[in-house]
Amino acid sequence: MSSTVAPLKSLSDAGVSIWLDDLSRKRIESGNLAELVENSHVVGVTTNPSIFQGAIGSGEGYEEQLADLAVRKVTVDEAVRMMTTADVRAAADILRPVYETTQGRDGRVSIEVDPRLAHETEATVAEAKQLAWLVDRPNVMIKIPATLAGLPAITEVIGLGISVNVTLIFSLDRYKAVMDAYLAGLEKARARGIDLSTIHSVASFFVSRVDAEIDKRLDKAGTDEAKGLKGKAALANARLAYEAYEQVFASERATELEAAGANKQRPLWASTGVKDPAYKDTLYVDELVAPGTVNTMPEGTLNATADHGGITGDTVTGGYEQARADLAAVEALGISYDEVVQQLEDEGVAKFEIAWTDLLGTVSARLAGEEAQAK
């Protein structure tokens, strides 16, 4: 094995599933995704509105489908869904062997509900059902944001037997509510006679954005103590999330469901590309190694980890007391944890909504161009 892939193998051997946080038609058709699965221990793919905005916005690989959609005079919303679900279906087919060999644990491709529905429970459920039907692959995961309106939607969608990737989790309290929503969904599924072993879920706990916001506030505080806390809050937050995961899935409620065939909802570390160039570019990989987790990485972070990741085994479970101390020290400086995580959730929803709106605008213009050309 080449030394360049050794850290990725070490990460995988430590119980971390490596998922790629990117997808495009070019990546699929060039064979690049299959190559990453074959050679770089990639066992899943996540997408989001920003990723599709970048991929489809470039136009590369989508020309023929756009021309067909223009001739059919479909709405822009339908065109976007046809293109994104086609990519997810193709990626799911590439990852199907991984799905088979891991009994459905990995080999997953995630696609998000329309971000404009983030605060509408019933519409989110309807959209999730529609996406699962459109992609029509057993290894698809539907992404639902962990907003207050998203929580009952998660329960209902899991209760229908659809696998879910819960996204945009920033706070520990909200993460606990997400795990509760998952367990409630499993209970619904069991009552409906659905085989619980077929349902999988991950909870995407965002990392780098926490440091980006808290570091900004620490810089403003300006003291030596504040500067000494930079780069610690995101890891502390994530480590305490893992502690909560261990506690919840050791509970009587969870173990009873597990005995009935249910799978644990795994923590997924999202937003793992560092935002501050002063930090090691593999910080949120090296320092968040724990069994039964997923780390979804942009390609830059994946390549950096392959090249010089420092994988030294579990870097999470021994650090709970220090994590609590780090977050308490941040609070002691007058930086409100609750305020920060709520702001990050609001910004996360807004960013995805803007990216989706931009994508609709881009596709609308391309469809109009194709239509004009056809005349």
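Note that this is a predicted model, so its numbers are computed, not measured.

What counts and what doesn't
Residues numbered from 1 in each chain as written. Predicted model: local features only at pLDDT ≥ 70, side-chain atom pairs only at ≥ 80, totals over all residues. Heavy atoms only, no water. Pairing = 2+ DSSP bridges. Helix = DSSP H or I, 4+ residues; strand = E, 2+ residues; numbered from the N terminus. Axes fitted to C-alpha atoms, helices over the stretch in contact; angles between N-to-C directions. Contact = heavy atoms within 4.5 Å. Expected span 1.5 Å × (residues − 1). Core = buried A, V, L, I, M, F, W, Y, C linked by side-chain atoms within 4.5 Å. Buried < 20%, exposed > 50% of the residue type's maximum accessible area, 1.4 Å probe, protein only. Phe/Tyr/Trp six-rings, centres within 6.5 Å; stacked < 30°, edge-to-face > 60°. Parallel < 35°, antiparallel > 145°, perpendicular 65-115°, else oblique. Left-handed = near helix turned anticlockwise from the far one by under 90°. Nonpolar A, V, L, I, M, F, W, Y, C, P; charged D, E, K, R; others polar. Arc of directions from axis to C-beta. Salt bridge = Lys/Arg side-chain N within 4 Å of Asp/Glu carboxyl O.

A.B. asks: Is there a simple way to think about the sheet that holds strand β5 (residues 164-169) in this case?
C.D. replies: Strand pairs in the sheet, formed through backbone hydrogen bonds, run parallel or antiparallel to each other. In space, the 8 strands of this closed barrel follow the order β1-β2-β3-β4-β5-β6-β7-β8, with parallel pairing throughout. Going from strand to strand, the sheet's axes swing by 30° on average, the running direction of each strand aside. Alignment of strand β3 (residues 108-112) against strand β4 (residues 140-145), held across 4 bridges, turns out to be parallel. By the bridge assignment for β4, I111 is matched with I142. Its contacts with the sheet place helix α6 (residues 76-101) against β2 (42-45), β3 and β4, and it is angled at close to 160° to β3.

A.B. asks: What should I look at first to understand helix α9 (residues 172-191) in this one?
C.D. replies: Note on helix geometry: an α-helix contains 3.6 residues per turn, so any two residues three or four positions apart are oriented the same way. Compared with the 28 Å implied by 1.5 Å per residue over 20 residues, the 29 Å span of α9 between its first and last C-alpha is a close match. In the segment just after α9, G193 is the residue with positive phi, at about 80°.

A.B. asks: Help me out: how do you make sense of the side chain of S40 in this one?
C.D. replies: Looking at the secondary structure, you find S40 in the loop between α3 (32-39) and β2. If we ignore the near neighbours within four places in the chain, the residues touching S40 are L8, I18, E35 and L302.

A.B. asks: Even after reading the chapter, I still don't get the nonpolar core, so can you show me in this structure?
C.D. replies: By size, the foremost hydrophobic cluster in this structure holds 123 residues, and its most contacted members are I142, Y175, L186 and V363. Broken down by element, this core gets its largest block of residues, 11 residues, from helix α17 (residues 337-374).

A.B. asks: Help me understand the pairing of β2 in this model?
C.D. replies: Each regular strand displays side chains that alternate between the two surfaces of the sheet. Both strand β1 (residues 16-20) and β2 contribute to a ladder of 3 bridges, which runs parallel. Bridge pairing in β2 links I18 to V42. As paired elements, β2 and β3 share 2 bridges and run parallel to each other. Across the sheet, V45 pairs through a bridge with V109, a residue of β3.

A.B. asks: Whenever I open this one, the packing of aromatic side chains confuses me. Can you help?
C.D. replies: Centre-to-centre distance and the angle between the planes together describe a pair of aromatic rings. Counted according to the given criterion, the structure contains 6 aromatic pairs. For the pair F170 and F206, a centre-to-centre distance of 5.2 Å together with 45° between the ring planes defines the contact as tilted. One end of the pair, F170, is in the loop between β5 and α9; the other, F206, is in strand β6 (residues 201-206), with 36 residues separating them in the sequence. Judged by relative accessible area, which is 6%, F206 ranks as buried. Consider the rings of Y182 and F249, whose centres lie 6.4 Å apart with planes at 55°: the pair is tilted. Linking Y182 in helix α9 with F249 in the loop between α12 (233-248) and α13 (252-259), this pair joins segments that are 67 residues apart in sequence. With relative accessibility at 5%, the residue F249 sits in the buried group. Three or more aromatic residues link up through ring pairs in this structure, and these residues are Y182, Y242, Y245 and F249.

A.B. asks: Sorry if this is basic, but what is going on with the packing of α12 against helix α16 (residues 320-332) here?
C.D. replies: For any two helices packed against each other, the geometry comes down to the angle between their axes and how far apart the axes lie. Orientation of α12 relative to α16, taken along the N-to-C sense of each, is 130°, at an axis distance of 8 Å. Here α12 is positioned oblique relative to α16, judged by the angle of their axes. The hand of the α12/α16 crossing is left-handed. Each of A233, A236, N237, R239, L240, Y242, E243 and E246 in α12 lies in contact with α16, whose residues at this interface are Y320, A323, R324, D326 and L327. When its residues are assigned to classes, the contact of α12 with α16 shows 7 nonpolar, 1 polar and 5 charged.

A.B. asks: It is not clear to me how α3 should be interpreted in this structure. Could you clarify?
C.D. replies: Listed as buried for α3 are L33, L36 and V37. One side of α3 carries all its buried residues, which in axial view fall inside an arc of 100°. On its buried side, α3 packs onto β1, α2 (25-29), β2, α6 and α15 (299-308). Looking one or two residues beyond α3, the residue adopting positive phi is H41, at roughly 60°.

A.B. asks: For this particular structure, what's the right way to read the pattern of salt bridges?
C.D. replies: If the charged atoms of two oppositely charged side chains come close together, the side chains can form a pair. Across all of its chains, the model carries 28 salt bridges by this definition. A salt bridge links E299 to R27; its shortest N-O distance comes to 3.0 Å. One end of the pair, E299, is in helix α15; the other, R27, is in helix α2, and 272 residues separate them in sequence. Note on R27: relative accessible area 9%, which makes it buried. The closest approach of N and O atoms between D286 and K280, which form a salt bridge, is 2.8 Å. For D286, a relative accessible area of 5% translates into the label buried. Overall, K280 belongs to the partly exposed group, its relative accessible area being 40%. Overlapping salt bridges, with partners in common, bring together E213, K216, R217 and E339 in one network.

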